[in-house]
Structure formats: C-alpha cells, structure tokens
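In case you want the letters, here they are:
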Amino acid sequence: MVLIVFAAIVAGGTGLILTALSNMAFRADLLDVQRAEQTASGALAAIEQQMGSAVSDYTSWDDAAKAVYVDHDRDWIEKNYGIFTGAGTLFDTYFLLTADGATTMSYKDGSPFSVRLSDYFGQSFEALEASLKSEMGQGTYQKTGFVETADGLAVVGIAAVRSSQGGLTVPRESAVYAVFARHLTAPVIRQLARNYVIDGLQLVSSVPPDKSFAAVRNNKGDVLGAFVWDLRAPGTRSFREVLPAVCWGIAVIGLVLLALLVFGIGIVRGLMADEKAARTLAKQDLLSGLFNRAGLHDALVEIEAEAAASDQSALLIYLDLDRFKEVNDAYGHAVGDQLIKGVTAGLRHLLPKEAAFARIGGDEFAIALVCKDPEERCAAIEQAIISFFREPLIIAGRVASVGASMGIAVSPRGVLGSAELLRRADMAMYRAKATRSGRAVFYTAAMDEDRQARMEMANDLRHAIDNDALKVLYQPVFDAHTRLLCGVEALVRWNRPGHGLVPPDIFIPIAEDNGLIGRLGEFVMRQALEDAAAWPRISVAINISPLQLHDISFVNSTAALIEACRFPAERVILELTEGFFIRNPDRAKQSMAQLQRRGFRIALDDFGSGFSSVGYLREFGFDRLKIDRSLISELGKTLKAGELLKATVALASSFDIPVTAEGIETEEQAEYVSACGCDELQGFFFSKPVSAAEISSVLQEAGWTFSAA
C-alpha cells in the first residue's frame, strides 16, 4: 500500500511537473511577446529621438541662421539641406517654410520636388506644427512625431532655424522653419529588425486583433499604423523539445516502481521495525537505559489516564543525588557514569515493577506510578531508597558516599497533567535539598506561596540596591593579646520596608539566585572602602560569594574599585568559604593568585564547619584562617572541643597562617582561644556589628588620630 501511494504521488508529481513545464512555456512565450513589444516600441522611440537630434543639429546652426536670415543664400541651403535628402540616412524629405507657412524650398530623395505642404502632410503634421508655434514663446523651438504623408508613414521633425546657442536671431514672427521627414520604408524597417533582433518586422496600416503589435501614434495619441512581427514562442519550442525526455523518464520511473513493488513488502517491514526501534531509543537514556525526559512525559500521560479511569492517584517522586558533583569532580566523569549505572541498577531492583523509572538529568531521577494510598506507598519507597543510600557504593575500586533528596507530588485521579505534576515534584525536591533533612518532602501549596514571596523579596532587594537602601555595619576584630581594635568585618543589613530587618542568610541566597550578588557585593565593598579610608592601619574584611568569583571580570573590577577609592589593597581581606575551593579548585587557585598579586589578602572563612581539610591549607596560600563559631560554642561542653580547637590552631601555625576566632561570647572563651594561639578575636562579647561612626568613636577613645572621612 505504501508503494501504491508512492506511485500515485509520483503520478501526481509527474502531472504537476508537466503542468509546471506547460506554465513555464506559456510564461516564457508571454515574456518573449512582452520583450518584443517593448523592443518594437523602443525602436519607434529611438527613430523619433534620432530625428530630434538631427533636427537640432541642422536647425540650431549659426551658418544656417546666417544663410537663411542674412545672406538668403539659396545655394548654401540646397547643398546643406536639400541634397542630404538623397545622400543621408537621417531624413529623406525636406521643406523650408516661411513664418506664414509658405514653402520656399522642398526636396525629396536628393532632388527638388514641387508639392504643396498641406497636400503632402496630413492632419497629424498640422497639429504638430500648431503645437510648436504655440510653445515658441516658452522657449520650445522644435517638435518631432509620427505623421502620415503622401508617401506613407514617416517620423517628422519641424524646427525654427536659430543660432547655435538655441535662440532666434530674428523676431518670432519672422522665423523660418525647416521640416525633415524620414519615411518608414521597407529598407528602414528591415534595418530596424536587424538592429533590434525582431523577426519578420512589418508595418501595417491598422492594429491587428490577433497579433502582438507596437502602435505608431501621432502627438495626439491617434493610431496611424502598427509594427507587427513573427512570434518566436521559445517556451513552446522548449516544451516540445523536453517532452520526449520527460515521457521516457516517466516510463523509467514506472519500471522502477514495478521493481520496488516486487521487493517492497520486505523493505517496508524492515523500515517499520527500524522506526519502532528508533522511537524506543528516542525515549531512552543512553547511559542508564531508563526513560529520558520525553519517555517520562509519555509515561506520565498514560499513568494519569489510568489514574483517572481507576479512580486512583498518579504519584511522582523526583530524586536528586546529593554529593554526586563532588564524586564526579574528584574521580572523573568515567567514575560518575559508573555511579549513575550503579544507582540505576540498585533502585530498579527496589522499585515496584509497574513504576515508570526515568533519568531526566545528570543526577536527577523520576519515579512515577499509579496507587490508591500515595502516603503509604511513598513511605515504603522512601524507606527503601534511604536504606539503599545509607551504605557507600564501591565504584571502580573507589568508595562513593552519596545521598538523595526526594520531592513528591500527587495527582488525585490524574487531574493535574504531566507538566504540572513534574513542576510540583521538582519544587518539592528543591525544598528537600534546601532542608537537608534526608527525608522526602511532599509538595504543598505553601511552596508556591514561598516562591512568590521569594520573587517579591528579590524585586524589593533589587530596588534597595538601586536606591542605596542597604546599610553596611562593621563588627570589630581585636588583637588577642592587647585587646585593641585591629580590624573590622563589613556586614550588610537590609531593613525591608513593611517587613523589618531581613537576616543576611535569607536575602543573600536570594541575591545569588537572581543574579544580584555581583551588584550587592560591589555596593558593600565600595561602602566599606569609603568608610575605612578614615581609619588608619585598620584591616577591612569583606565576604565574597563564590558566584562573584565565577565572574571572570571580578578580579579586574575589584582592582579598579580599589584604585578608584584610593584604598591600599593590603588592608583588604577577602573572606571565602571552603565550598568554593571544593567545587572549583583550579578556578579558586587562579582567582586567589590574581587577587594576591594585586595586594589583597585572602582568608578561609568558617573553617571547621564543613569538609575542612588539611589539603586546603597545603594547596592554597591563605593569608588568614577564621575558625567557625561552631567550634567556639562547644568549648566547655565537651573535652574534645578544646582539643579540636588546639589542633586546628596548631595546624594553621604549622603553615604560618594567622588565626581569627569568631563567635566569642564570654570572657572564658576569649581567654581560652588566646591561650590556644589565636591572634585575633571577634564576637558579641567584644561588640556587635556597629555603624562606621561608632568605629570612629572607638578609635578616638583609644587615642587614635585619623583624617575625616
């Protein structure tokens, strides 16, 4: 049937081709007719233009004006006008007229001839002559046009004899006129046919009803005759020439179709099998063998339809691997791919057989199924997945410890649609990832409200940055031995209108998610540098987001800001968290080196709060280490807390890295960390974050002298 349809299509296509060729032939013939009409009309226009040029040459002539008006030299006029009617090709008839129309001389074909002007020329000439005389006062001294004569149609020019400058040398009522005529004789028409490549060009007395023509008209637009010619019909000729080849082509195609019909059934069956395999492959993830996003979409459509038909619920679990990127970065993509395959195999064994299992991203999976009790079914699947990830995986001889964040969305009776179900599960997964609870999170409407609230907060934050509505406070840093102020840490604060003070750990992540962190960081740094310009020898610590360092222009823009504020770079400490060094060690090393070459100092912030490693201190050349407040808060509660603090300070000391202790809240903590070897102290025990004016007051009380900001 496919081949039969194909044969019908070929037959239809052949018909269309023949029709197109016929139309092309007709169009080519039509274009040739139009070209011939334009060419013939152009030939008539050229004859008239040539006559105009000849008339101008022979009448706008100082010698002619002298011979006619001054010398009345008839011999000169006959030699230069009359005789040329037989010798030249510009005109074959000549008349010389007085102002009142009397003929003083007439020549034809080189010889004088006696005939009345009115008897020789028809009414078209009278109109031409009248038109010239009426326009003489406007500076027009010659006219040309086609007229009828006693010898046939001719192109005629009439002009007043005048000087070479174009003006009359006598009064207008005394002007003498010269009339030149060139008849459209058979030799003239044959020459036109040769010059303009028009086959069979002829002059007929009336417009033919069934042939192409170019009308010969007088100055009033009346038709005096017409040029006709033989049609070449190039399109029809070409069509007749190619028609046999087209017919042979149709015959060959018919034979090929017949051969295909013999073997076609097997070929078509093979194509159908290949198509089915291709459709399956297009919906399959090549690495894991699971559904891909397209396959999941189709599966969700079927699952929701089944849920609607059976009065059950469609359940979707969105799963994202935790710490997969660290494994990928540490061991390479080959190990990461093996990890994906291992996770796929393990989860496939744990999940219900009827569940649709898909990999929809690098480390993102989806599980969809139909069930009556979503909460009970989710609890069982969640427990199985948590148990699976509780044990480390052995991949290519390496131990990989990963977890999973799960978001769950339910479509009762399949009413949500696959796109909305995916959106809700994705949102719930990101909430689970943010809470880091290690448990699955069900989608709730409050998540949409929270997203809307975050969007509104982002807009308000953007407005606050645009209008300098943020405030920079400074937490003092004191020398551990002298207890004198030696530095400050710049901290940004935002009093959101209508909502009050927003904690930095709330609005800074929003700034990072919405592309505002660069502008926010620049605002804080600029304000801190302007304030600290008045505080001599005081270091200024400024927190830098990892996203700022991802910007390739950060180093240059920071250096430019320092230069613009005329602030010494060696007094600036840029504080970075260890997360950036874990995820982007090469990028971190490069950025640090560029910043340190420009004089900035780099501090490792929150050391001890996460993946703290000796390797960081050995590999990266930090200028300062800041111990996280979590280590300080444990002092006095457990014996190990003090030992851990001492070990940390000793480790930093072995690398010649000075240490700042954050989060000091009691005198005992201050004394203990000083005894452990920390050289700088910071915390609420000494001071909460204060304004720039209060920092200046502290310096004045200490007897410092400094310039006004």
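See the structure shown above.
Only a predicted model underlies this, so the values are computations on that prediction, with no experimental measurement involved.

Undergrad: What is the right way to read the overall build of the protein from this model?
TA: Within the protein, the secondary structure is distributed over 25 helices and 25 strands. Taking 2.2 N^0.38 as the reference for a compact globule, 709 residues should give roughly 27 Å; the C-alpha atoms of the protein span a radius of gyration of 51 Å, well beyond that estimate. In terms of overall dimensions, the protein has a C-alpha envelope of 145 × 90 × 45 Å along the principal axes. Here the protein holds 709 residues, and 44% of them are scored as buried. In the protein, of all internal contacts separated by at least 6 residues, the share reaching a separation of at least 24 is 65%. With the model as given, the accessible surface of the protein reaches about 36300 Å², and the carbon-plus-sulfur share is 55%.

Undergrad: How should I be thinking about helix α12 (residues 374-390) in this particular structure?
TA: One turn of an α-helix holds 3.6 residues; hence residues three or four places apart share an orientation. Look at α12: 24 Å from first C-alpha to last across 17 residues, which is about the 24 Å you get at 1.5 Å a residue. Among all positions in α12, only Pro-374, Cys-378, Ile-381, Glu-382, Ile-385, Ile-386, Phe-388 and Phe-389 are buried. The buried residues of α12 occupy an angular sector of 155° when the element is viewed end-on, so they sit on one face. More than 90 degrees from the buried face of α12, the exposed residues found are Glu-376 and Arg-390. On its buried face, α12 sits against β10 (313-322), α11 (333-350), β12 (364-371), β13 (393-395), β15 (403-412) and β16 (441-442).

Undergrad: Explain the sheet that holds strand β7 (residues 202-204) here, please?
TA: Backbone hydrogen bonds are what pair the strands of a sheet, in a parallel or an antiparallel way. With antiparallel pairing, the three strands of this open sheet are ordered in space as β7-β9-β8. Of all the strands in the sheet, the pair left with one neighbour each is β7 and β8 (213-217). Each neighbouring strand pair of the sheet contributes to a mean axis angle of 30°, computed without reference to strand direction.

Undergrad: Whenever I open this one, the packing of helix α9 (residues 293-310) against helix α13 (residues 418-435) confuses me. Can you help?
TA: Between two packed helices, what matters for the description is the angle formed by their axes and the separation of those axes. Where α9 contacts α13, the two axes come as close as 9 Å, and the packing angle between them is 110°. As the angle between them shows, α9 and α13 are arranged roughly perpendicular. Judged by residue contacts, Leu-296, His-297, Leu-300, Val-301 and Glu-304 of α9 engage Ser-418, Leu-421 and Leu-422 from α13. In terms of residue class, the contact of α9 with α13 is built from five nonpolar, two polar and one charged.

Undergrad: I tried to follow empty space enclosed by the protein on my own but got confused; where do I start?
TA: Where empty space is left in the structure can be found by rolling a water-sized probe over the atoms. With the rule as written, the count across this model stands at two cavities of 30 Å³ or more. If you go around the largest cavity, you meet 14 residues; those closest to its centre are Val-477, Ala-541, Ile-573, Glu-575 and Glu-680. Sorting the residues of the lining of the largest cavity by element identifies β18 (485-496), β20 (539-543), β21 (572-577) and β23 (624-627) as the ones contributing at least two each. No other element matches the three residues that β18 contributes to the lining of the largest cavity. Among the residues forming the lining of the largest cavity, the class breakdown is five nonpolar, four polar and five charged. Approximately 50 Å³ is the volume attributed to the second largest cavity.

Undergrad: Could you clarify how one ought to interpret the sheet that holds strand β6 (residues 177-183) in this entry?
TA: Read from one edge to the other, the open sheet built from six strands follows the order β3-β2-β1-β6-β5-β4, with strand pairing classed as antiparallel. The open sheet has two free edges, formed respectively by β3 (111-112) and β4 (142-149), since each of these has just one partner strand. Pairing analysis gives eight bridges linking β4 to strand β5 (residues 152-160), with the strands arranged antiparallel. Opposite Lys-143, over in β5, you have Ile-158 as the bridge partner. Against the sheet, helix α3 (residues 74-82) engages β1 (93-97), β2 (103-108) and β6, with an angle of about 35° to β2.

Undergrad: Please explain a nonpolar patch on the surface as it appears in this structure.
TA: A grouping of Phe-6, Val-252, Val-256 and Leu-260 is seen on the molecular surface, where their side chains present a nonpolar patch of about 320 Å² in accessible area. For the nonpolar patch, the element with the most residues is helix α8 (residues 234-282), which contributes three residues. Among the secondary structure elements, Leu-260 is positioned in helix α8.

Undergrad: Whenever I open this one, the nonpolar core confuses me. Can you help?
TA: Counting residues in each nonpolar core, the largest one holds 77 residues, and the members touching the most others are Leu-470, Tyr-474, Trp-535, Ile-542, Leu-574, Ile-627 and Val-673. The biggest single contributor to this core is helix α16 (residues 517-532), with eight residues. Contacts of Ile-627, omitting those with residues within four sequence positions, involve Phe-607, Ile-632, Leu-645, Thr-648, Val-649, Val-659, Thr-660, Ala-661, Glu-662 and Cys-678. Counting 61 residues, the second-largest nonpolar core is a separate cluster that includes Tyr-58, Ala-64, Leu-184 and Leu-192.

What counts, and where the lines are drawn
- The residue count restarts for each chain, going from 1 along the sequence in the order it is written.
- Totals for whole chains, interfaces and linings use every residue, but because this is a predicted model, local features are given only for residues with pLDDT of at least 70 and side-chain atom pairs only at 80 or more, for both listing and counting.
- Computation of side-chain values covers all heavy atoms of the structure but excludes hydrogens and water.
- Think of it this way: any DSSP run of H or I at least four residues long counts as a helix, any run of E at least two long counts as a strand, and we number them from the N terminus.
- Two things to know: the radius of gyration comes from C-alpha atoms, and the globule rule equals 2.2 Å times the number of residues to the power 0.38.
- Exposed residues in this analysis have more than 50% of their type's maximum accessible area, buried residues have under 20%, and partly exposed residues fall in between, with area computed by a 1.4 Å probe over protein chains only.
- By the convention used here, residues are in contact when the closest approach between their heavy atoms is within 4.5 Å.
- Residue-level accessible areas treat just the shown protein chains as cover; the underlying method is Shrake-Rupley with a 1.4 Å probe.
- Take the number of residues in a helix, subtract one, and multiply by 1.5 Å to get its expected span.
- Here, the arc refers to the directions that run from the helix axis to the C-beta atoms.
- Two strands are counted as paired when DSSP detects at least two bridges linking them.
- Orientation is described by lines fitted to C-alpha atoms, with helices fitted over the stretch in contact, and by angles between N-to-C directions that extend from 0 to 180 degrees.
- Oblique is the label for any angle not covered by the other classes, which are roughly parallel (under 35 degrees), roughly antiparallel (over 145) and roughly perpendicular (65 to 115).
- Only Asp, Glu, Lys and Arg are considered charged, only Ala, Val, Leu, Ile, Met, Phe, Trp, Tyr, Cys and Pro nonpolar, and every remaining residue, Gly among them, polar.
- A pocket, in this scheme, is an open set of points on a 1 Å grid over the protein atoms alone with protein on both sides within 12 Å along at least 5 of 7 lines, while a cavity is a set where a 1.4 Å probe fits but cannot get out; residues line either one if an atom lies within 4 Å of a point.
- Grid points are joined across faces, edges and corners, and a volume is the space filled by probe spheres set on the points.
- To count toward a patch, a residue needs a relative accessible area above 30% and no salt bridge. Like charges then connect within 9 Å, nonpolar side chains (Val, Leu, Ile, Met, Phe, Trp, Tyr) within 5 Å.
- Throughout this description, the term salt bridge denotes a Lys or Arg side-chain nitrogen within 4 Å of a carboxyl oxygen of Asp or Glu.
- Each nonpolar core is a collection of buried residues, namely Ala, Val, Leu, Ile, Met, Phe, Trp, Tyr and Cys, held together in the definition by side-chain atoms within 4.5 Å.

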